[in-house]
Amino acid sequence: MDGQRPEGGRPGRGGAVRAHVVYESMFGNSRAVAHAVAEGLRAALPDADVTVVNVLEVADDLRTDVLVVGGPTHAFSMSRPETRASRPTHLTTDEARRAAESQPGADAGRGVREWLEQLTAVPAPVAATFDTRVNRPVPKRAASGMARRLRSAGCRLVAPPQGFFVHGMHGPLADGELDRATAWGGLVARAALEG
Ligand SMILES: Cc1cc2nc3c(=O)[nH]c(=O)nc-3n(C[C@H](O)[C@H](O)[C@H](O)COP(=O)(O)O)c2cc1C
């Protein structure tokens, strides 16, 4: 759980607002964005408990106050077992290879698609979604599918699905994207507060 104790949706300290950023990541880019978004949430909600959690570790029945879900775009959508299995073994840069090796790997289990599909109750009253993708116009994006699923699970989406850009197929993130992610986290927090 990214250095934080597992919470699995338990109440926050002293009834504090809880926010969770649930992410999937194959090469580490979405993970970095998730942490940057959490930074923005913490800045805007200083009394909140903000937890960043890999989708491989998140409770099936997570209950929280503010939920952000994010992950990579694979084949114009959220990853699937087939796309996760296609993880390249010959990465072109040491950095990308190290990032891949340091992650449990989305192909080791479920991705956000599978987690969202198994939800049986409203995980949070308010939510927002992001994806990472290459910087070119794409007809569909993973974050839109995540948003649709969360809406049908009963969440109110407080911001349009957001995309963050990577260079090439496996990153790194384009310049300025982490700052943009932190700013977006702040925007999500403020929109959640406005109710
Ligand atoms: C199998 C596969 C399919 C991909 N398909 C797309 C795509 O359709 N559109 C896109 O913009 N990027 C695509 N990408 C690039 C990913 O979006 C990129 O690897 C991801 O943003 C990196 O995030 P991560 O490090 O969190 O996995 C694909 C990558 C892989 C491995």
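Cut-off values and rules
- Residues numbered from 1 in each chain as written.
- Predicted model: local features only at pLDDT ≥ 70, side-chain atom pairs only at ≥ 80, totals over all residues.
- Helix = DSSP H or I, 4+ residues; strand = E, 2+ residues; numbered from the N terminus.
- Contact = placed C-beta atoms within 7 Å.
- Core = buried A, V, L, I, M, F, W, Y, C linked by C-beta atoms within 7 Å.
- Buried ≥ 20, exposed ≤ 12 C-beta atoms within 10 Å, placed from the backbone.
- Pairing = 2+ DSSP bridges.
- Right-handed = clockwise from strand over helix to strand, strands pointing away.
- Expected span 1.5 Å × (residues − 1).
- Arc of directions from axis to C-beta.
- Near = placed C-beta within 6 Å.
- Nonpolar A, V, L, I, M, F, W, Y, C, P; charged D, E, K, R; others polar.
- Axes fitted to C-alpha atoms, helices over the stretch in contact; angles between N-to-C directions.
- Parallel < 35°, antiparallel > 145°, perpendicular 65-115°, else oblique.
- Left-handed = near helix turned anticlockwise from the far one by under 90°.
- pLDDT = per-residue confidence, 0-100.

- Per an unreviewed UniProt entry, the protein chain goes by Flavodoxin and derives from Cellulomonas hominis.

**Section: the overall build of the protein chain**
Then, number 1: Within the protein chain, the regular secondary structure consists of six helices and six strands.
Then, number 2: Mapped in sequence order, the helices and strands of the protein chain form the string β-α-β-β-α-α-α-β-α-β-β-α.
Then, number 3: If you take every contact in the protein chain between residues at least 6 apart in sequence, the share linking residues at least 24 apart comes to 79%.

**Some points on the nonpolar core**
One broad trend across soluble globular proteins is that nonpolar side chains are buried collectively.
Then, number 1: Core analysis: the biggest nonpolar cluster contains 47 residues, and Val22, Val37, Leu41, Ala127 and Met146 have the highest contact counts within it.
Then, number 2: Ignoring any residue separated from it by four or fewer positions in sequence, one finds Val37 in contact with Val21, Val68, Phe130, Ala181, Thr182, Trp184 and Gly185.

**Considering the pairing of strand S2 (residues 49-54)**
Then, number 1: For S2, the buried fraction is high: five of the six residues fall into the buried class.
Then, number 2: Pairing analysis gives six bridges linking strand S1 (residues 18-23) to S2, with the strands arranged parallel. When the bridges of S2 are listed, Arg18 appears paired with Asp49.
Then, number 3: Taken together, S1, helix H1 (residues 29-44) and S2 form a β-α-β motif whose crossover is right-handed.

**Let's talk about helix H6 (residues 177-194)**
Note that an α-helix has 3.6 residues per turn; residues three or four places apart therefore point the same way.
Then, number 1: Taking 1.5 Å as the rise per residue, H6 with 18 residues should run 26 Å; its terminal C-alpha atoms sit 25 Å apart, in good agreement.
Then, number 2: Looking only at H6, the buried set comprises Glu177, Ala181, Thr182, Trp184, Gly185, Val188, Ala189 and Ala192. Axial view of H6: buried residues confined to an arc of 160°, hence all on one face. What points out from H6, more than 90 degrees from its buried face, is the exposed set Asp179 and Glu194.
Then, number 3: For H6, the secondary structure elements touched by its buried residues are H1, strand S3 (66-72), strand S4 (126-134) and strand S6 (162-166).
Then, number 4: Note on H6: the residue one or two positions beyond its end, Gly195, has a positive phi of about 70°.

**A few points about the site of the ligand**
Then, number 1: Lining the immediate environment of the ligand, one finds 21 residues, of which Phe27, Asn29, Ser30, Thr132 and Arg133 sit closest.
Then, number 2: The set of elements that each furnish at least two residues to the shell around the ligand consists of H1 and S4.
Then, number 3: Split into classes, the residues belonging to the shell around the ligand amount to nine nonpolar, eleven polar and one charged.

**Things to note about the packing of H1 against H6**
Then, number 1: Orientation of H1 relative to H6, taken along the N-to-C sense of each, is 45°, at an axis distance of 7 Å. Between H1 and H6, the interaxial angle falls into the category oblique. When the axes of H1 and H6 are compared, the crossing they make is right-handed. The segment H1 lies against H6, with Ala32, Val33, Ala36, Val37, Ala38, Glu39, Gly40, Leu41, Ala43 and Ala44 engaging Glu177, Leu178, Ala181, Thr182, Ala183, Trp184, Gly185, Gly186, Val188, Ala189 and Arg190.
Then, number 2: Across the contact of H1 with H6, the residue classes break down as 14 nonpolar, four polar and three charged.

**Section: the confidence of the model for the protein chain**
Then, number 1: Overall, the prediction assigns the protein chain a mean pLDDT of 86, with 81% of residues at 70 or greater.
Then, number 2: pLDDT under 50 marks residues 3-12. Its contacts with residues more than four places away, or in other chains, come to 14 contacts.
Then, number 3: This complex was scored by the predictor with a pTM of 0.88 and an ipTM of 0.99.

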